[in-house]
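# Breakdown of the fold
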Amino acid sequence: MQRSMLDLWVGLFVVAGIAALVILAFKVGNMSTMGGGDTYEINASFDNIGGLKPRAPIKSAGVVVGRVKSITFNNERFNAKVAMSIEKTYQFPKDTTASILTSGLLGEQYIGLEGGGDDQMLKPGDSVRLTQSAVVLEKLIGQFLFSKAAEGGDPAKK
Amino acid sequence: MPHRSLPSVRGMGAATIDAVLRLGYAARFIGLTIAHSGTSLARPRLVVRELYFTGVLSLIIILVSGLFVGMVLGLQGYQTLTTYGSESALGVLVALSLVRELGPVVSALLFASRAGSAMTAEIGLMKATEQLSAMEMMAVDPVARVVAPRFWAGVISMPLLAAMFSAMGIFGGYIVGVVLIGVDEGSFWSQMQSAVDVREDVLNGVIKSFVFGVAVTWIALFEGYDAPPTAEGVSGATTRTVVTSSLAILALDFILTSFMFRGV
């Protein structure tokens, strides 16, 4: 093996390795939602967050616009305070509704933002007033069973 | 009259002291290697030459195994995910398992058996044929001239090999999942991209493979340098390199994983 051929192979090896890293970063991972300085933070309080986790996506009309930054328990109002990092390019009006939704039947939970009609936009540090908690499946089933029992168990109606 | 079991107790004690001694010698050895790395920096050709032997020659086995691991992941993942009707998450499964675990770990295991054993055998034989002593006679430091370039070549090539393994594996998963089985291509890539985080997953995988690279090369070089200068000694050292570095990789992987992915 000549010196120059050896160098060529090593050069190719290093280039291929770096190319693989770039592929992993851009094609496999999502470089754009890395969460750098181009985000701002808004808060929302939920009565029940269900299975929401930090770093869960925040979607508006199905488009990912940010990530959940942190979830803390508010011990004064006994609800959950969720801090959300939203990308700077997306602005939402003051009367935006934040609801915790589930992708698919068994999928991960995310926050859905639905813009309202207000002229004023949410500024960094603002709170979303209108929130809708996660749907707890057990409660839903309980309500369903309860209403069924109320229907069938009332002989006067028959 | 001493008890019958005394020799074995004595043997255990001697083995323990011996193990601790070797550990201390190994620690001194890596310190010496790093301290004598100046020659490698001043003469990068030495490192380039070793990069050829450890990196380029390991390419074939890394790429082929990566492809097959990814293809198996695609098949197995599809079988399981289709039970829950979520085969669109196949890309996430393949990419996360490769980038986080299988890429760094399997490529490090292959690297240990392909390049690590070769390193040990080479240095062990250099010692057995007294080439290292000859260098010392010529006032050439064998650690700076022989050990340090190999160390840096191993440390540099390991993350690159692991990245190539992961990329190849994802390509294999793509071939099986999308081309052969027919999972939707758009959801394969888009779900993967939304689930794989560059810092959390890709960078942590690179850190893992870097740590494995240091561990494997260190063990391989030390076993070679410390091998008894006989044919038997070199063969034993080669075996020990593969066994010790495989165990070290798996144990380190557990420790690193528990630090990196402790759940969000």
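Residues numbered from 1 in each chain as written. Chains lettered and ligands numbered in written order. Predicted model: local features only at pLDDT ≥ 70, side-chain atom pairs only at ≥ 80, totals over all residues.

## Here's the deal with the overall build of chain B
Rule in force here: By definition, any uninterrupted DSSP run of H or I lasting at least four residues is a helix, any uninterrupted run of E lasting at least two residues is a strand, and each is numbered from the N terminus. Counting other C-beta atoms within 10 Å of its own, a residue is labelled buried from 20 upward, exposed at 12 or fewer, and partly exposed in the gap between, with every C-beta atom placed from the backbone. What counts as a contact here is a pair of residues whose C-beta atoms, placed from the backbone, lie within 7 Å.
Helices and strands together make up the secondary structure of chain B, namely 10 helices and 0 strands. Going residue by residue from the N terminus, the α and β elements of chain B occur as α-α-α-α-α-α-α-α-α-α. Its C-alpha atoms put chain B at 70 × 60 × 35 Å along the principal axes. In chain B, buried positions account for 45% of the 264 residues. Long-range contacts, defined as pairs at least 24 residues apart, comprise 87% of the intrachain contacts of chain B with a sequence gap of at least 6.

## Some words on the overall build of chain A
Helix and strand counts for chain A come out as 2 helices and 8 strands. Beginning at the N terminus, the succession of helices and strands in chain A can be written as α-β-β-β-β-β-β-β-β-α. Buried residues in chain A amount to 22% of all 158 residues. Counting contacts in chain A only where the partners sit at least 6 residues apart, residues at least 24 apart contribute 64% of the total.

## Quick notes on the interface of chain B and chain A
Stated formally: Residue type decides the class: Asp, Glu, Lys and Arg count as charged, Ala, Val, Leu, Ile, Met, Phe, Trp, Tyr, Cys and Pro as nonpolar, and the leftover types, Gly among them, as polar.
Between chain B and chain A, the residue contacts involve 27 residues of the former and 24 residues of the latter. Only α3 (44-54), α5 (90-128), α7 (142-181), α8 (185-195) and α9 (198-226) of chain B provide two or more residues apiece to the side of chain B that touches chain A. The dominant element in the side of chain B that touches chain A, judged by the number of residues it contributes, is α7(B), at 7 residues. Looking at side-chain class alone, the side of chain B that touches chain A contains 19 nonpolar, 4 polar and 4 charged residues.

## Points about helix α1 (residues 6-35) of chain B
Going by this rule: Multiply 1.5 Å by the residue count of a helix minus one, and that product is the helix's expected span.
The end-to-end C-alpha distance of α1(B) is 43 Å, a good match for the 44 Å that 30 residues give at a rise of 1.5 Å each. When you tally the buried positions in α1(B), you get 1 out of 30 residues, a small fraction of the element.

## Considerations on the environment of V147(B)
Residues and elements named next belong to chain B. Positionally, V147 belongs in helix α7. Look at V147 and you get buried, because 26 C-beta atoms sit within 10 Å. Ignoring anything within four residues of it in the chain, the contact list for V147 reads T33, P142, L221 and Y225.

## Quick notes on the sheet that holds strand β8 (residues 130-132) of chain A
Residue and element names in this part refer to chain A. Note the following rule: Two strands form a pair only when DSSP identifies at least two bridges running between them.
On the basis of which strands lie adjacent, the open sheet formed by 8 strands has the order β7-β1-β4-β3-β2-β6-β5-β8 and mixed pairing. The open sheet terminates on both sides in strands that have one partner only, identified here as β7 (127-128) and β8. Across 6 bridges, the pairing between strand β5 (residues 97-102) and strand β6 (residues 109-114) is antiparallel. Directly across from S99, in β6, lies its bridge partner G112.

## Examining the packing of α5(B) against helix α10 (residues 231-260) of chain B
The geometry of a pair of packed helices is captured by two quantities: the angle between their axes and the separation between those axes. Residues and elements named next belong to chain B. To keep things clear, this is the line we draw: Comment: axis = line fitted to C-alpha atoms, over the contacting stretch for helices; angle = value between 0 and 180 degrees taken between N-to-C directions. Here is the rule for angles: anything less than 35 degrees is roughly parallel, anything more than 145 is roughly antiparallel, 65 through 115 is roughly perpendicular, and the remaining ranges are oblique. By definition, turning the near helix anticlockwise from the far helix through less than a right angle yields a left-handed crossing, and turning it clockwise yields a right-handed one.
The N-to-C vectors of α5 and α10 enclose an angle of 150 degrees; their axes lie 8 Å apart at closest approach. Classed by the angle they form, the pair α5 and α10 counts as roughly antiparallel. Where α5 crosses over α10, the handedness of that crossing is right-handed. Only G233, V234, A237, T238, T241, V242, S245, S246, I249 and D253 of α10 make contact with α5, whose side of the interface consists of V105, A108, L109, A112, S113, G116, S117, T120, A121, G124, L125 and A128. Of the residues assigned to the contact of α5 with α10, the class counts are 11 nonpolar, 10 polar and 1 charged.

## So, unusual backbone geometry
Phi is positive for F78(A), which is not a glycine, with a value near 55 degrees. Overall, the presence of 8 C-beta atoms within 10 Å leaves F78(A) in the exposed class. In this model, A139(B) sits at a positive phi of 60 degrees, which is unusual for a non-glycine residue. Along the chain, A139(B) turns up in the loop between α6 (131-137) and α7.

## Things to note about the pairing of strand β2 (residues 57-60) of chain A
Residues and elements named next belong to chain A. The pairing of β2 with strand β3 (residues 63-74) spans 4 bridges and is antiparallel. Along β3, the bridge assignment pairs K59 with V64. With antiparallel pairing between neighbouring strands as the criterion, β2 and β3 make up a hairpin whose turn holds 2 residues, including A61 at a positive phi of roughly 55 degrees. Bridge analysis of β2 against β6 gives 2 bridges, and the strand direction is parallel. When the sheet's bridge partners are listed, K59 is paired in β6 with G112.

## Description of the nonpolar core
Here is the rule we go by: To count as a nonpolar core, a set of buried Ala, Val, Leu, Ile, Met, Phe, Trp, Tyr and Cys residues must be joined through C-beta atoms within 7 Å.
Counting residues in hydrophobic clusters, the biggest one holds 75 residues, and the most contacted among them are A95(B), A163(B), M164(B), V216(B) and L221(B). Only α1 (3-28) of chain A together with α3, α4 (59-83), α5, α7, α8, α9 and α10 of chain B provide two or more residues apiece to this core. Setting aside residues up to four positions removed in sequence, V216(B) forms contacts with A108(B), F111(B), A112(B), G116(B), G154(B), S245(B) and I249(B). Ranked by size, the runner-up nonpolar core spans 20 residues in total, among them L52(A), V68(A), A98(A) and V128(A).

## What to know about the confidence of the model for chain A
As a reminder of what qualifies: A score between 0 and 100, pLDDT records how confident the predictor is in each residue.
The predicted model of chain A has a mean per-residue pLDDT of 83, with 88% of residues at 70 or higher. Mean pLDDT values for the elements of chain A range from 85 in helix α2 (residues 137-152) of chain A up to 90 in strand β4 (residues 79-87) of chain A.

## Overview of the pairing of β4(A)
All names here are of chain A. Across 8 bridges, strand β1 (residues 39-46) lies against β4 in antiparallel orientation. The residue of β4 that forms the bridge with N43 is A83. Where β3 lies against β4, 8 bridges are found, and the strand directions are antiparallel. Pairing of V68 across the sheet is with M84, part of β4. Connecting β3 to the next strand, β4, in antiparallel fashion are 4 residues, including F78 with a positive phi near 55 degrees.

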